[in-house]
Amino acid sequence: MGKTYERIDGRLRDFIEAQPVFFTATAPLSGDGTVNLSPKGLRGSFAVLDERTVAYLDFAGSNAETVAHLRENGRITLMWCAFTGPPNIVRVHGRGEPVFRDDPRWGELIARFPGIDHSRHGLRAIIVVTAELIRDTCGYAVPLMTYDSDRPLHGSRFARETDESLDAYFHKKEHVATSIDGLPGLPLPLPPTPA
């Protein structure tokens, strides 16, 4: 039942952009390394940049496994599930890279996210993914669930942070500068937020 797509456009793009949550999966090259699977949400933190490129905002958290794996090997899979409406699962398999605050592309990329106040969430990177394989599958076993709203907790927690206090927060966390498997994670000190 699955179908392969050449590009992210039309109904496929509409479906992806309408989902309130998606998942990212990455892994280190080491066969005994830790596979990472993360949920991502917050309306406005995801964007389709073109027919084969997507991006999402990487906010403050307790670890930086995705960043570490992308810095090592670039492999990533993104997945969206239909929790309402017709059943559907879409996966984008591709190559990703974290774009940090001091990257010359930062200004152009951050402008692609006008629907979210990123200053409230401890933004540390923008993850850019170039699709290599785009597929959908049926999703018949995915449950029907209702989206009520984004949780306000992340924004209320990190809105009070300055660049300096956020950097101190990251330094205290065990797996932000270095991944669970010892790979380089988020480069610290965190570059200042561009004006």
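Residues numbered from 1 in each chain as written. Predicted model: local features only at pLDDT ≥ 70, side-chain atom pairs only at ≥ 80, totals over all residues. Heavy atoms only, no water.

A. Local environment of the layout of surface pockets. Here the largest pocket defines a volume of roughly 920 Å³. Forming the boundary of the largest pocket are 37 residues, of which Val 21, Pro 39, Lys 40, Gly 41 and Leu 42 lie nearest the centre. Of all elements in the fold, only α1 (10-18), β3 (36-40), β5 (53-58) and α2 (65-72) reach the threshold of two or more residues within the lining of the largest pocket. At 4 residues, the largest contribution of residues to the lining of the largest pocket is made by β3. Residues of the lining of the largest pocket, tallied by class, amount to 16 nonpolar, 14 polar and 7 charged. Here the second largest pocket is characterised by a volume of approximately 360 Å³. For the lining of the second largest pocket, the elements supplying multiple residues, two or more each, are β1 (3-5), α1 and β8 (125-137). (1 Å grid on protein atoms, 1.4 Å probe; cavity = no way out; pocket = protein on both sides within 12 Å on 5 of 7 lines; lining within 4 Å. Points joined across faces, edges and corners; volume = space filled by probe spheres on them. Helix = DSSP H or I, 4+ residues; strand = E, 2+ residues; numbered from the N terminus. Nonpolar A, V, L, I, M, F, W, Y, C, P; charged D, E, K, R; others polar.)

B. Representation of the nonpolar core in the model. Counting 32 residues, the largest nonpolar core has Ile 16, Phe 46, Leu 78, Trp 80 and Phe 170 as its most contacted members. Broken down by element, the residue count for this core peaks at 5 residues, all from β8. With residues up to four places along the chain from it excluded, the contact list for Trp 80 reads Phe 15, Ile 16, Gln 19, Val 21, Phe 22, Phe 46, Asn 88, Ile 89, Val 90 and Val 92. Core analysis: the next-biggest nonpolar cluster, separate from the first, contains 15 residues, Ala 47, Leu 49, Val 99 and Phe 113 among them. (Core = buried A, V, L, I, M, F, W, Y, C linked by side-chain atoms within 4.5 Å. Buried < 20%, exposed > 50% of the residue type's maximum accessible area, 1.4 Å probe, protein only. Contact = heavy atoms within 4.5 Å.)

C. Broad picture of the environment of Gly 155. Tracing the backbone shows Gly 155 in helix α4 (residues 153-158). A C-alpha to C-alpha distance of 5.0 Å links Gly 155 and Arg 120, two positions 35 residues apart in sequence. Excluding its chain neighbours within four sequence positions, the residues that come into contact with Gly 155 are Arg 120 and His 121.

D. Region of the structure containing helix α5 (residues 163-172). Within the sequence span of α5, burial applies to Leu 166, Asp 167, Tyr 169 and Phe 170. Down the axis of α5, the smallest arc covering the buried residues is 155°, so these residues share one side. Away from the buried face of α5 by more than 90 degrees, exposed residues Glu 164 and Lys 172 are located. Where α5 is buried, its residues meet α4. (Arc of directions from axis to C-beta.)

E. Representation of the packing of aromatic side chains within the structure. All chains considered together, the criterion is met by 6 aromatic pairs. Considering the side-chain rings of Phe 22 and Tyr 56, the 5.4 Å spacing of their centres and the 70° angle between planes classify their relative orientation as edge-to-face. Here the residue Phe 22 occupies a position in strand β2 (residues 22-26), and Tyr 56 occupies one in strand β5, the gap between them amounting to 34 residues. For the pair Phe 22 and Tyr 56, one class covers both residues: buried. An aromatic cluster of at least three residues, connected via ring pairs, comprises Phe 22, Phe 46, Tyr 56 and Trp 80. (Phe/Tyr/Trp six-rings, centres within 6.5 Å; stacked < 30°, edge-to-face > 60°.)

Limitation: the analysis is restricted to geometry and does not speak to function.
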